[in-house]
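Observations on chain architecture
The lines below spell out each chain.
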Amino acid sequence: MTRASDQYDELLASYLDDDDRITLYEYLAALDFSLRFTMLCTAAAMYDRDPQQVNIGRAPGFGGYLAYLRTARSMLGSTSGTQHAHVIGLVQQTLDVVRAYRSGSPEFATLEKLRNHANHGGPMPAGPARDELAKQVQEALSGITAAVHDFLDGASVDLAAGATDQSFRRPTLRWSNRSLALWPFICADDLDRWCLYAQYTSQQPVYIRPGRSDVRVPGRDEDLVAAMNDARTAKREDAEFAVFVEGLRTDLAGFRDPDYELHHYEAGGVVTFFWMQRREAGAEERVDSFRIGPGEERQWLAEGNKWLRYASFLRHITNWPIVARRVRQYLQGLELQMLNEEQTLLGWSRPTTLQIEPTVQMTDLGGSQRVGNAMPFTDLMRDIDRRLEIRGPQTQVYFVAGEAGIGKTRALLKTTLNRARTVEEEPDDLHTSDQAPLFLYVRSTGLDDLQKAIGSAVVDVPNVNDDAVRTLCRNGLMAVFIDGFDELRGGVGYGDALSSLRTWIADLGGRGVIVVSARSSYYLSQYRSDLQNNAQNMDLSVAHRVALVQRWTDDQLHDFLGQCGVDPQALDEIPPEDRDLLRLPFFAKVYVEAYRPLPAPDAHPGKGISDELPDLVLDQYISREAMKLTVGADQPPLISVDELRNLFQVVAELMAVEHERLVTVAELELAATVAIDNEDLDQRRGLRRRLTALCGMAVTTAGNERRFAFSHELFYDYFLADAMLASMTDGKIRQVVGALGLSEWRTATVKRIVRRAPDATLEALRAANGQAGMLSERRGVAFRANVGALWSALVEQSGRLGNETIQDATFESLDLVGTNCQFVRFQGCRFQKLSMPPASAWEISLKDCEVDTLEVRTRSADLSGMRDAVASTFSQIVTAGVLSDTPREVSAALRLLGVDLPSQPEKGEPSLLAEAALYYLGKIVDRGDTLVVERDHTVADGHAPWTRRYGLWPEFVKLLERSGAATLAQIQAGGQRKFRVRFQALPIALLQRDTELEPVARFWGMAEA
């Protein structure tokens, strides 16, 4: 009989050339063989123990060898007192050699990384560096070979015949007191050449036969196939478990040391991972087991062999109390920074710690459908908590929107800080299941992308980085609150509003919550448009809600003033326009700061006020900044107050052009040359150097480049308005019209322009007619929105709308109730909401217009003065609180209100399914959410009652499938199987009946059949 060690050495020699110059790649190939041989001997011992528990992989590789060895070591028992002690000794020595390997290069830090890099064609070092790597691999190979020799010491090879003449022969290792059958993992051919199991494919095993030819040999013997069927890891028909395992790999990747790969082993419905966790002090080796428990609950095997919720595992490996503490400390630092900025940048006497809880009104992404009544901000947080408890099927994105100064940032920061304190104070008990999730506030201003913004928020949190945050969000332990997302330096809010957010939504895989504070409604409209235009190309599962932060009520304002020691009756002395401004928290604080120091005991705040509140704020800001632009304490400012005002107006215009609330030092210097009307800035000696003393320079830095930002976003709004007003004063109406398409103006800008110059505004709007069509798509969107906002503000301020033609305007809301209307022609306009006066002493044309919501507040209203309207103009009508939103209901409501609709052509009524399809498609386009359905085609989102209209939703989904307009893609979520509706034709194309597209034509042909 042949000595077993000689047989091994002969196989090993086939991988190494005879000359003295063995290459690194040859050493790696020999190392792969040695590990495979070790694994197969171990599998033979496992087979001897229990053929049903071998679970060798279908195609094991380098990492699979190591994972299998680690699993087998624990399953075979300790090295003393077992029949397989010699195999366990081999495994232990082999793993010790692998663990001992170290390379000075991070990309080759482990044998596995080096082997994978070489096998995938990665560039290798040359010269002495390559020789050193080869030497290190040779040493590892020598160590494993020595372990194999120890294992084979005294063993001989006994070859038994196979079941037939064509069968492989069956080798067995025999010692004086024991034996180990290697078949079916190692076999021998008719020339006694050993064949090592490589993979299981095409219903049969395939073996490697070391040598120069015919190295791959199929195993066709029935006995061999049957034995390997017992031994190999079963191909799971249960896709849920495979997705579960893949999800675990994705989650653990957020915490693993990048120098070490993840390996796992499946047995009996349990998956065990062998991995190295990233720690501050270095990598920590871990072995963690998981399963899908009762009720489809994901579970982790904790100490004491207790199965706990998967969330307990994530809390355990992150050291959750420490994470909560560090997040709380980070948020406290931000809060302190904000309070200090109020004092140093805004000049307020003391920080404001008072907090009046804001209220929010929930709507869908299109803004046309309200969701419930206005709710306190805390109820929004409860809604987020409930959503985090659900595993899919859609990632929920909440947009927190509202005008500048309404308190979005303070509300988000306060909420996240309070939550961090709550989590920090909770007992560190892995067995409890009712712990609150963390809210991570992320400040995005001045940063390039979302990954950097989140990374900066957790930079001081041990064991947590951007990838780990994604894992925690996917699993409901955390939600990210991104403040000012549309102000990222990359301009994501304007070029591609999805951009960074799309990557995050995709990574969450239909789970978790993202809260985004968007300062601009323009960003929301662009985001929605991008969703519609990319519906075919995105594999996202996402639903949206918009939380519109409401202005304070009178009671809330009085409460705030009372807490600040100001008598609310003083409000009677304030002009109505400013009194309404006080319902913005920013201006309420300005009012308190400006008028709390009273000259006499009987004086009242507000008496003798001559300046408007915005002017008071701007004048204080400009005067304070001008005093910083001096060369000495006893010297006058280098720039006058009027010049500095002009400088800030130019800066605001530059920001509008660049869609960014930051300017470089060079741009700041350019604005200064314009303001002082001198191209040579150095003629004002010292001004160039002192410009960087402006407070805004301290707000944002990017690398070594310093950039300027206004101390509050409202300052940008007002200085931009003042720049437009200056152009109007100079008679540059055309310049103002051109500026309408640069960026969308927010409420503060629009109202200031209209309030200061209503006649010039009207002149500019008349000049804007017909201009939108000559602009690019992006500029056209901003142009139409600004035109609509200016007309709305003019109507609100003047209470009248005369004989006007208004073209290509987009209105968020136009309220004509109580307005003195004459003959108004709207052409090509879009209204999110149009509120009509009850009487018909007016005539309004809506030629080629779209109205999301037509509001009529009384049933007896007379709309007979409406011209050029068709039923399809309106998505829905609300009459005295009663909703009509199907095409038939809309037509009936309009006729009841006296609207003269054109007669229908003689082609019969559309089929009910076709009518329902129009209705459903309109809702889909408006909402922008991913559609998720159950197996029976009913919608998976219970909060979509519109899908129950007509009772034809399942038929509609089936029609999408049959026509090829959409397919159903299965997604993984808790409970029953769910499917995402993946559109092959854009919903907007289906809605507009673009029958030049084959799926669209087929869809409508089948719907109307």
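Values in this document were obtained by computation on a predicted structure and should not be read as measured data.

Some remarks on the overall build of the chain
A tally of regular secondary structure across the chain gives 33 helices and 38 strands. Taken over 1009 residues, the chain has a buried fraction of 54%. Intrachain contacts of the chain at a sequence separation of at least 6 include 61% that bridge at least 24 residues. Total accessible area on the chain is roughly 43500 Å²; 47% of this is exposed by carbon and sulfur atoms.

Some thoughts on the pattern of salt bridges
Going through the model one piece at a time under the given rule, you end up with 48 salt bridges. Ionic pairing is found between glutamate 424 and arginine 328, a salt bridge with its closest N-O pair at 2.9 Å. Taken together, the residues glutamate 424 in helix H12 (residues 408-425) and arginine 328 in helix H10 (residues 320-344) connect sequence positions 96 residues apart. Salt bridges linked by common partners bring Arg279, Glu284, Arg286 and Asp288 together as one network.

Overview of helix H1 (residues 4-13)
Of all the positions in H1, only Ala4, Ser5, Gln7, Tyr8, Leu11 and Leu12 are classed as buried. Down the axis of H1, the buried side of the element spans an arc of 160°, and every buried residue falls inside it.

Here's the deal with unusual backbone geometry
Excluding glycine, residues mostly have negative phi values, and the peptide bonds linking residues are mostly trans. Geometrically, the link from tryptophan 183 to proline 184 is a cis peptide bond, its omega value of 15° lying close to zero. With respect to the helices, strands and loops of the structure, proline 184 is situated in the loop between strand S4 (179-181) and strand S5 (186-188). Phi is positive for aspartate 677, close to 55°, though the residue is something other than glycine. Its location among the elements puts aspartate 677 in the loop between helix H22 (665-675) and helix H23 (687-690). With a relative accessible area of 70%, aspartate 677 lands in the exposed category. Unusually for a residue other than glycine, alanine 880 sits at a positive phi of about 50°. One can find alanine 880 in the loop between strand S34 (874-879) and strand S35 (882-884).

Considerations on the packing of aromatic side chains
For the structure shown, the criterion picks out 37 aromatic pairs. Geometrically, the ring pair formed by phenylalanine 290 and phenylalanine 313 is edge-to-face, given 4.9 Å between the ring centres and 80° between the ring planes. You can see phenylalanine 290 sitting in strand S11 (residues 284-292) and its partner phenylalanine 313 sitting in helix H9 (residues 310-318), a full 23 residues away along the chain. When sorted by exposure, phenylalanine 290 lands in the same class as phenylalanine 313, which is buried.

Considering helix H26 (residues 747-756)
Those residues of H26 lying buried are Ala748, Thr749, Val750, Arg752, Ile753 and Val754. Buried residues in H26 make contact with helix H20 (613-626), helix H24 (713-729), helix H27 (758-768) and helix H28 (777-798).

Side note on the confidence of the model for the chain
The predicted model of the chain has a mean per-residue pLDDT of 84, with 88% of residues at 70 or higher. This stretch, residues 489-495, has a pLDDT under 50; its non-local contacts, to residues over four places away or in other chains, come to 25 contacts. Taken together, the stretch residues 597-610 has pLDDT below 50 and engages in 13 contacts with residues farther than four places along the chain or on a different chain.

Some words on the sheet that holds strand S9 (residues 263-267)
Read across the sheet, five strands follow the order S9-S10-S11-S12-S13 without closing on themselves; strand pairing throughout is antiparallel. If you trace the sheet from one side to the other, it starts and ends with S9 and strand S13 (306-309), each paired once. When strand polarity is set aside, the average angle formed by the axes of neighbouring strands in this sheet is 30°. Of the pairings in the sheet, the one linking S9 to strand S10 (residues 270-277) comprises five bridges and is antiparallel in character. Counterpart to histidine 264 in the pairing with S10 is phenylalanine 273.

Concerning the pairing of strand S14 (residues 359-363)
Counting buried positions over the five residues of S14 gives four, a clear majority of the element. Relative to strand S20 (residues 542-549), S14 runs antiparallel, the two being bridged by four bridges. Across the sheet, the residue bridging to valine 360 is valine 549, located in S20.

A few points about the environment of alanine 543
Here alanine 543 shows up in strand S20. Spatially, the C-alpha atoms of alanine 543 and leucine 931 are 8.5 Å apart, while their sequence positions differ by 388 residues. Apart from the residues within four sequence positions on either side, alanine 543 is in contact with Gln394, Thr395, Gln396, Val397 and Asp929.

Quick look at the nonpolar core
With 206 residues, the main nonpolar core has Phe587, Leu647, Phe710, Phe826 and Leu854 as its most contacted residues. The element best represented in this core is H24, accounting for 11 residues. Look past the residues within four positions of phenylalanine 826 in its chain and what remains in contact with it is Leu801, Ile806, Phe811, Leu814, Phe831, Ile844, Ser845, Leu846, Lys847 and Cys849. In terms of nonpolar packing, the next biggest core, distinct from the first, is built from 82 residues, Leu24, Tyr27, Ile88 and Met228 among them.

So, the sheet that holds strand S2 (residues 156-160)
If you trace the four strands from one edge of the open sheet to the other, you get S1-S2-S3-S4, paired in antiparallel fashion. In the strand order of this sheet, the two ends are held by strand S1 (2-3) and S4, each with one partner. Sheet analysis places S2 next to strand S3 (residues 170-174), joined by five bridges and oriented antiparallel. Bridge pairing in S3 places leucine 159 opposite proline 171.

Notes on the side chain of threonine 471
By secondary structure assignment, the location of threonine 471 is in helix H14 (residues 466-474). Within the local environment of threonine 471, its side chain forms a polar contact with the side chain of arginine 474, the two groups lying 3.0 Å apart. The contact partners of threonine 471, leaving out residues within four places of it in the chain, are Thr250, Asp251, Gly254, Phe255 and Leu314.

Comments concerning the packing of helix H2 (residues 24-49) against helix H6 (residues 128-152)
Close contact between H2 and H6 brings their axes to 9 Å; oriented N to C, the two are set at 25°. By the angle class used here, H2 and H6 are roughly parallel. H2 and H6 meet at a crossing whose hand is left-handed. Across the interface between the two elements, Leu24, Tyr25, Tyr27, Leu28, Ala30, Leu31, Ser34, Leu35, Phe37, Thr38 and Cys41 of H2 pack against Arg130, Leu133, Ala134, Val137, Gln138, Ala140, Leu141, Ile144, Thr145, Val148, Phe151 and Leu152 of H6. Classifying every residue of the contact of H2 with H6 gives 18 nonpolar, four polar and one charged.

Some words on the environment of threonine 359
With respect to the helices and strands, the residue threonine 359 is situated in strand S14. Of the residues examined, threonine 359 reaches a relative accessible area of 22% and is grouped as partly exposed. Excluding anything up to four places from it in sequence, threonine 359 contacts Met375, Pro376, Phe377, Leu548, Val549, Gln550 and Gln556.

Here we look at the side chain of threonine 673
With respect to the helices, strands and loops of the structure, threonine 673 is situated in helix H22. On the accessibility criterion, threonine 673 (15% relative accessible area) is buried. Filtering out sequence-adjacent residues up to four positions away, threonine 673 remains in contact with Asn678, Glu679 and Leu681.

Thoughts on the pairing of strand S18 (residues 478-483)
By the criterion of burial, S18 is predominantly enclosed, with six of the six residues buried. With burial as the criterion, each face of S18 is covered, one bearing Met478, Val480 and Ile482 and the other bearing Ala479, Phe481 and Asp483. The pairing of strand S17 (residues 438-443) with S18 spans six bridges and is parallel. Within S18, the residue paired with leucine 438 across the bridge is methionine 478. With four bridges connecting them, S18 and strand S19 (residues 513-518) associate as parallel partners. The residue bridging valine 480 from the neighbouring strand is isoleucine 514, located in S19.

About the thresholds
- Residues numbered from 1 in each chain as written.
- Predicted model: local features only at pLDDT ≥ 70, side-chain atom pairs only at ≥ 80, totals over all residues.
- Heavy atoms only, no water.
- Helix = DSSP H or I, 4+ residues; strand = E, 2+ residues; numbered from the N terminus.
- Buried < 20%, exposed > 50% of the residue type's maximum accessible area, 1.4 Å probe, protein only.
- Contact = heavy atoms within 4.5 Å.
- Areas by Shrake-Rupley, 256 points an atom, 1.4 Å probe, with all protein chains shown as cover.
- Salt bridge = Lys/Arg side-chain N within 4 Å of Asp/Glu carboxyl O.
- Arc of directions from axis to C-beta.
- Phe/Tyr/Trp six-rings, centres within 6.5 Å; stacked < 30°, edge-to-face > 60°.
- pLDDT = per-residue confidence, 0-100.
- Pairing = 2+ DSSP bridges.
- Axes fitted to C-alpha atoms, helices over the stretch in contact; angles between N-to-C directions.
- Core = buried A, V, L, I, M, F, W, Y, C linked by side-chain atoms within 4.5 Å.
- Polar contact = N/O pair within 3.5 Å; in protein donor to acceptor, adjacent residues only side chain to side chain.
- Parallel < 35°, antiparallel > 145°, perpendicular 65-115°, else oblique.
- Left-handed = near helix turned anticlockwise from the far one by under 90°.
- Nonpolar A, V, L, I, M, F, W, Y, C, P; charged D, E, K, R; others polar.

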